[in-house]
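Reading the structure
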Amino acid sequence: MSVPAPHELIRFAKERYHAFTEIAETFVDAEFHFSAKDNLCANGFQARAGSAILEGYVPPFDATPVHRLKTAGGQLVGKTTMDEFGFGTFCVNSAHGIPLNPFDIQRSCGGSSGGAGAAACLIPGHIALGVSTGGSISGPVSFCGVVGLSPTYGRVSRYGLIDYGNSLDKVGLLSRSATLVREHFQTIAGPDPKDPTSCAQPQLPTKGRMPDSLAVPKEALANLDPAVSKGFQEAVGRIQEMGVKVEEISMPSLRYAMPAYYILATSEASTNLARYCGMRFGRREEELNQHFNDFFSGVRSQSFGDEAKRRILLGTFCRMVGFRSRYYLKSLAVRQMLIEEYRKVFEDHQMVLTPTMPFLPPRFEDIRKMTPLEIYGADFLTIPPNLTGMPHVSLPCAYQQGLPVGMQLVSDHWREMDLLEMSSEWEGHFPYRFPEVGP
Amino acid sequence: MKIGLEMHFQLPTRSKLFCSCPTSAADPNHNICPVCLGYPGSRPSLNRKALEVGLSIARFLDCRIEERVWFSRKTYFYPDLAKNFQITQYESPLGTDGHFDLNGRRIGIWRVHLEEDPGRIKRVGRSGEEVSFVDYNRSGIPLVEIVTAPDMQSPAEARAFIDQLIIELRSLCDLDAQDEQKVRVDANISVGEERVEIKNVQGLRNVERALKFEAARQTKLLAAGKKVILETRRYDEERKVTTSAREKETEEDYGYIGEPDLGEFHIGQMAEELDLKETPLVRARRLMADHGINEVTAKQLVLTSSSLADMFELLCRSVSSEKAVTWTMGPISSNWSALQDHHELWSEVVAAVKADSDGEITDNEAKRRILSLAGVKQETAEAGDADLDHMISDFIDAHPEVLANYRKNVKAANTVIGHVMKESRGRYSSKDVVEEVRKELEKRV
Ligand SMILES: [Zn+2]
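Within chain B, the secondary structure is distributed over 16 helices and 15 strands. Since a compact globule built from 445 residues should have a radius of gyration of about 22 Å, the 29 Å found for chain B marks it as more spread out than a globular shape. Considered along the principal axes of its C-alpha atoms, chain B spans approximately 90 × 55 × 55 Å. The 445 residues of chain B split such that 51% are buried. Considering only residue pairs separated by 6 or more positions, chain B has 67% of its internal contacts joining residues 24 or more positions apart. Within the structure as shown, chain B displays about 21,900 Å² of accessible surface, and the carbon and sulfur contribution to it stands at 48%.

Below, the structure is given as structure tokens:
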């Protein structure tokens, strides 16, 4: 098989795998090609965040990470498919197609940055900007067998990101190799006055340090698919062979992370999504000659998908009188408690190691049978570092039934370079496999 | 009767609260950007100047100021609200538990906080065919909200409170001069047990009218043995009545959450380091205490111009406060426009008053000196101009017919007066000119 030109692969990734919602009309001879998840604004592309309500919204500005990659000589070649506003674990909640897993097109790419995962897997040398709120980078990274970094909250500017949960959202990177991720991470990281929450960060070190001890919380090993368990145990063996200690510990607060996360994320999301009312931008098909309440209710009923509606209802409920202190305020306390629990672990270990997803990439037919609660449960390993704003990487760690298994490494705030150091080292001990597909 | 007020003032900043759009007037939808339009992907960043002004107001009102503050989202759907939530402060205002002394009575201040203004809706067209336009120029304009305890006892007192507060804030932070008309107020009023809230009344006069109407309405209801219902009412400016708004939203219904994009602000040090200007009424109280002068005089001094009060204080160092009052409110005040910007003359003014006070010169001589100081300044400012006497005699010399006419009719003096007034471009008071011209003509007749 001859090596296809990059633009052929990009078109192929869009048409055959639905990895992209939109691609550039022409491809220039740039330093590198990159893509942006469709919730990142970029001049000249629609930014629809997987939602029909944003049909036709072409933002008049570039998101800071997009701008920085362009400045570094990259060409933005397309916007990648995602769950509507990031609401999903399997990338099946999109108004713009469902991306197919390059390892098996019957299976999910994971979500919500599913298109980014597929693009990173399908196109060698490609760097994909993804966004994680509760695991939206790690999930697709694990299912698509690639490398992904979700940085510390506040490390990469969120200017130009269409919000899901502002106190949780992080812009990160997906690619076939940790080297590429490291290179471009250094480009997109750093303070940006347009996002005040990015301005409190310490400087990014030029080099990371290898950990000497990893902690595996035993709570993370319950309820795993046997294939994932097996793959993960193999990986632990390899890590020990590398001379890194791996020790089982306990993190009892992990189980509170999921409810706290869904309360905070949906509370914030329900206010973020309030602006979509058929005025000022996006879709507007409703008759204007009616009461405002009827007008915006009509627009929202028609254009939001079920999962978006579910999360708006959930979030609005949690913010309401009588429930606010029971749910919203308590969740803020849980987040603090979990940060302290991680810190305690980091006194003796540099990173926390777990599998990324509890099962192999599921078939679409099986996803249809899952209840919303079962789907939310799939994120139980990726949510804790997201809730605490801690950086984490997901790396391929085994192959089971021809499908990739991912492992997740979490470090203390601002230590992304250590994670990438470990990732590069791991690549030297465990060769990654990519499916042979092509136009 | 108990009245409590919630007042909104626009802060005097050049740019909006969370973006760099100007706050100046413009054609509809010209001062807008992705941030104040709530475009997806845009993000607020706080205008430090607004925070600073807000904090100085909180400190001026003697509020308790916490070390850290944050903002909140108040969510409700309305076409003029760009994000369908307003960024405001809920659990974490800039200041709490302050007070303002109103004519000797202490009015409690519950809280002071910052928030963004929504846009404005304009309805155009005939009834039944109305079209609504939204102008987002005001979207994101910084406001400070000041909430009082229900400590005012009459509509007049409520008006006086706002009036005096505006005087103070204007001097403290260059509040817009138009704020008497522009101030937006929500007022709580209860004559008996139950209170009524009157929402969104604009302008000082309307606040008093709305409260008066509502006080009368409640009094009448109670006198007739009826009950006042706890409700929100609106003031109809044209009919000058309040009407029930028939809505029952409470603060909790807005589903407040923290604004995650702005984070926390550590304001303790900033608040401490602020250099607060001494405001007019605070100064008046200090002048009364320091110099034993009465309230009317003290207020007159500080409200005429702060520099006149400076002059007064300067005089008090050399002469008794009675003398200082007499001279400041008399000849000094009437010539103040000529003296106030010439600080180099102030000590001479003081010397004249002191000489008079010490009995070295007469009142008239002291007065003459002050007047001449005011005049001297003009001469130096426009060097080369002849003084008044010269101008008059030169003109009469050059126009002998004037003297001839004057002999027949004294009204001929008007020719000279008119000429001098024109030449001197109003440098001399008409009274002085008339006097001097008469004197010169009489001398020659
Ligand atoms: Zn703006």
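All names here are of chain B. Donor atoms from the polypeptide that bind the zinc ion are Cys19 (SG), Cys21 (SG), Cys33 (SG) and Cys36 (SG), placed at 2.3 to 2.4 Å. Angles of 101 to 113° at the metal separate the four donor atoms of the zinc ion, which places the site in the tetrahedral class. Counting the intervening residues between successive donors of the zinc ion yields the motif C-x1-C-x11-C-x2-C. Accessibility assignment for this pair places Cys33 and Cys36 in one class, buried.

In this section: the side chain of B:Gln10. Mapped onto the fold, B:Gln10 is located in strand β1 (residues 2-10). At 3.2 Å, the side chain of B:Gln10 and the side chain of B:Arg138 are in polar contact.

Let us now look at the domain arrangement of chain B. All names here are of chain B. If you check the domain split of chain B, you get domain 1 (2-273) and domain 2 (280-438). Computed over C-alpha atoms, the centres of domain 1 and domain 2 are 45 Å apart. In this assembly, seven residues from domain 1 lie in contact with seven residues from domain 2. When the two sides are added together, the surface that domain 1 and domain 2 hide from each other amounts to roughly 530 Å², 59% of it contributed by carbon and sulfur. At the junction of domain 1 and domain 2, the tally comes to zero salt bridges. If one sorts the elements of the side of domain 1 that touches domain 2 by residue count, helix α2 (residues 155-173) sits on top with four residues.

Here we come to the sheet that holds strand β12 (residues 392-400) of chain A. Residues and elements named next belong to chain A. Strand order across the open sheet formed by eleven strands is β1-β3-β2-β6-β8-β7-β12-β13-β11-β9-β10, with mixed pairing between neighbours. Either end of the sheet is taken by a strand with one partner, and the two such strands are β1 (20-23) and β10 (245-249). Ignoring strand direction, the axes of neighbouring strands in this sheet form an average angle of 30°. Where β12 meets strand β13 (residues 403-411), eight bridges bridge the pair, whose relative direction is antiparallel. Bridging across to β13, Val393 finds its partner in Leu409. In the packing of helix α14 (residues 416-429) onto the sheet, contacts are made with β7 (147-150), β9 (213-217), β11 (351-355), β12 and β13, and the angle to β12 comes to roughly 20°.

What follows is about the interface of chain B and chain A. Contact residues are listed per partner, giving 33 residues for chain B and 39 residues for chain A. The junction of chain B with chain A conceals about 2,900 Å² of combined surface from both sides, 58% of it contributed by carbon and sulfur atoms. Here chain B and chain A share three salt bridges between them. Here A:Asp163 makes a salt bridge to B:Arg43, at a shortest N to O gap of 2.6 Å. Taken together, the links from chain B to chain A amount to 20 residue pairs in polar contact (both at pLDDT 80 or more). Every element with two or more residues in the side of chain B that touches chain A is listed here: β3 (72-75) and β14 (257-258) of chain B.

Here the focus is helix α1 (residues 48-60) of chain B. Residue and element names in this part refer to chain B. Its 13 residues give α1 an end-to-end C-alpha distance of 18 Å, which sits within 8% of 18 Å, the value for a rise of 1.5 Å per residue. All of the buried residues in α1 are Ala50, Leu51, Val53, Gly54, Leu55, Ser56, Ile57, Ala58 and Phe60. Here the buried face of α1 lies against β5 (95-102), β6 (105-116), β9 (142-148), α2, α5 (268-273) and α6 (280-291). In this structure Asn47 caps α1, since a side-chain oxygen of it lies 2.9 Å from the backbone nitrogen of Lys49. Just beyond α1, the residue with positive phi is Asp62, at close to 60°.

Attention shifts here to the packing of helix α5 (residues 178-188) of chain A against α14(A). Residues and elements named next belong to chain A. One way to put it is that α5 packs onto α14 with a least axis distance of 9 Å and a crossing angle of 160°. Of the possible angle classes, the one that applies to α5 and α14 is roughly antiparallel. Remark: the crossing between α5 and α14 carries left-handed chirality. On α14, the residues that touch Ala178, Thr179, Val181, Arg182, Phe185 and Gln186 of α5 are Glu416, Met417, Leu420, Glu421, Ser423, Ser424 and Glu427. Its residues assigned to classes, the contact of α5 with α14 shows five nonpolar, four polar and four charged.

Calculation notes
Residues numbered from 1 in each chain as written. Chains lettered and ligands numbered in written order. Predicted model: local features only at pLDDT ≥ 70, side-chain atom pairs only at ≥ 80, totals over all residues. Heavy atoms only, no water. Helix = DSSP H or I, 4+ residues; strand = E, 2+ residues; numbered from the N terminus. Rg over C-alpha atoms; globule rule 2.2 N^0.38 Å. Buried < 20%, exposed > 50% of the residue type's maximum accessible area, 1.4 Å probe, protein only. Contact = heavy atoms within 4.5 Å. Areas by Shrake-Rupley, 256 points an atom, 1.4 Å probe, with all protein chains shown as cover. Donors = N, O, S within 2.8 Å, 3.2 Å for Na, K, Ca; no water. Tetrahedral: all angles 85-135°; square planar, octahedral: opposite > 155°, others 65-115°. Polar contact = N/O pair within 3.5 Å; in protein donor to acceptor, adjacent residues only side chain to side chain. Domains from an automatic or database assignment. Buried area = accessible area lost by both parts, 1.4 Å probe. Salt bridge = Lys/Arg side-chain N within 4 Å of Asp/Glu carboxyl O. Pairing = 2+ DSSP bridges. Axes fitted to C-alpha atoms, helices over the stretch in contact; angles between N-to-C directions. Expected span 1.5 Å × (residues − 1). Parallel < 35°, antiparallel > 145°, perpendicular 65-115°, else oblique. Left-handed = near helix turned anticlockwise from the far one by under 90°. Nonpolar A, V, L, I, M, F, W, Y, C, P; charged D, E, K, R; others polar.

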